Amino acid sequence: MTLAAVLCCTMTTVFTACGDDEESYPESYRYEITIDKESSGYTEEIQEVTNAFYNAIGTDGRYYQYYQTKQDDLMKAACEAVRKQYANRIQSPYFKFYLYRITSSAAPGHVDASEVIATYEMGQALTYPYYTYAIESNSENAFEALKAKEDQLDPKVYQASYKTLVRLLGRHTSQSISGGTVSSTSYSQFEKLFREAFQKVYPESESNDLFIIGKCDSIANAHAADTLAVDATVIITKTGYLNKQVNKLWEKTFRANF
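What you see is a predicted model, and the numbers here were worked out from it, not measured in a lab.

**Student:** Help me out: how do you make sense of the side chain of Glu32 in this one?
**Tutor:** With respect to the helices, strands and loops of the structure, Glu32 is situated in strand E1 (residues 28-35). Classification of Glu32 by relative accessible area gives buried; the value is 18%. One polar contact links Glu32 to Arg30, side chain to side chain, over a distance of 3.0 Å. Setting aside residues no more than four positions away along its own chain, Glu32 makes contact with Ile57, Tyr64, Tyr98, Leu99, Tyr100 and Ile102.

Printed below as a string of structure tokens:
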């Protein structure tokens, strides 16, 4: 087929598809980068890497460039260059970024379509195991069991048992009332010691584990003889930051002694 014939066919197709009664709404594309909410690291490093990704895709995080054709390969390559640049420099546990393509159109009723086209990971946790720690207990069941025995117990024993449960398990309640919810929190001895520390991510360390176990044993021994009318169980878990594998680091059931 000659070039003239090809052009003729092409033009015929265009004019056939776009009649006088139809309106064209071409799509446009922009690119965004966001950090995963479970990323953990130093604020300075997060900001530096985020800015590097912004520069790579041509934005400051507020204003974006729109393209008439998809630029997926170009944007992926630019972001991959950033990942490689920082791969061996990051001291933070873990960063994960998402590269999105946003498709827009002025067509009536159109809703922008957002699609993740690439992800970029970096951080120490990719080469060395990191963990998070948490406190679990049978708090809800224990307080319900104590309430069920209230009529059978001397009031002093009941009150002493209630206080022991608060010391060991904490007391976290919420009550719906007109116009909102009222919450009440009393932290256990374990929560007071570890609550803020357990919100962080830690590298694998036997000394960390031994420190936590030692502190938990100390608390348990200090309250071993406290008045208690129902069993109370406290568990410290250790979870792999990336693989999410959960293990029990420490567990203690305080047996009822009344």
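**Student:** Is there a simple way to explain unusual backbone geometry in this structure?
**Tutor:** Positive phi, close to 60°, is recorded for Lys244, a residue that is not glycine. Position of Lys244 relative to the elements: it lies in the loop between strand E8 (232-240) and strand E9 (246-254).

**Student:** Looking at this structure, I do not really get the sheet that holds strand E2 (residues 95-104). What am I missing?
**Tutor:** Adjacent strands of a sheet form backbone hydrogen bonds with each other and so pair up, either parallel or antiparallel. Strand order in this open sheet of 3 strands is E1-E2-E3, and the pairing throughout is antiparallel. One side of each edge strand has no neighbouring strand; the edge strands of this open sheet are E1 and strand E3 (113-122). Taken over all neighbouring pairs, the strand axes of this sheet differ in orientation by 20° on average, direction set aside. Sheet topology note: the E2/E3 ladder contains 9 bridges and is antiparallel. Following the sheet pairing, Ile102 is matched in E3 by Ser114.

**Student:** Could you clarify how one ought to interpret the pairing of E8 in this entry?
**Tutor:** For E8, a buried count of 9 out of 9 residues is recorded, marking the element as mostly surrounded by other parts of the structure. Judged by which residues are buried, E8 turns out to be covered on both faces: Ala232, Val234, Ile236, Lys238 and Gly240 on one side and Thr233, Ile235, Thr237 and Thr239 on the other are all buried. Bridge analysis of strand E4 (residues 130-137) against E8 gives 7 bridges, and the strand direction is antiparallel. Residue pairing for E8: Thr132 is matched across the bridge by Thr239. Sheet topology note: the E8/E9 ladder contains 8 bridges and is antiparallel. Bridge pairing in E9 places Val234 opposite Lys252. Counting the residues in the hairpin turn of E8 and E9 gives 5 residues, including Lys244, whose phi is positive at 60°.

Cut-off values and rules
Residues numbered from 1 in each chain as written. Predicted model: local features only at pLDDT ≥ 70, side-chain atom pairs only at ≥ 80, totals over all residues. Heavy atoms only, no water. Helix = DSSP H or I, 4+ residues; strand = E, 2+ residues; numbered from the N terminus. Buried < 20%, exposed > 50% of the residue type's maximum accessible area, 1.4 Å probe, protein only. Polar contact = N/O pair within 3.5 Å; in protein donor to acceptor, adjacent residues only side chain to side chain. Contact = heavy atoms within 4.5 Å. Pairing = 2+ DSSP bridges. Axes fitted to C-alpha atoms, helices over the stretch in contact; angles between N-to-C directions.

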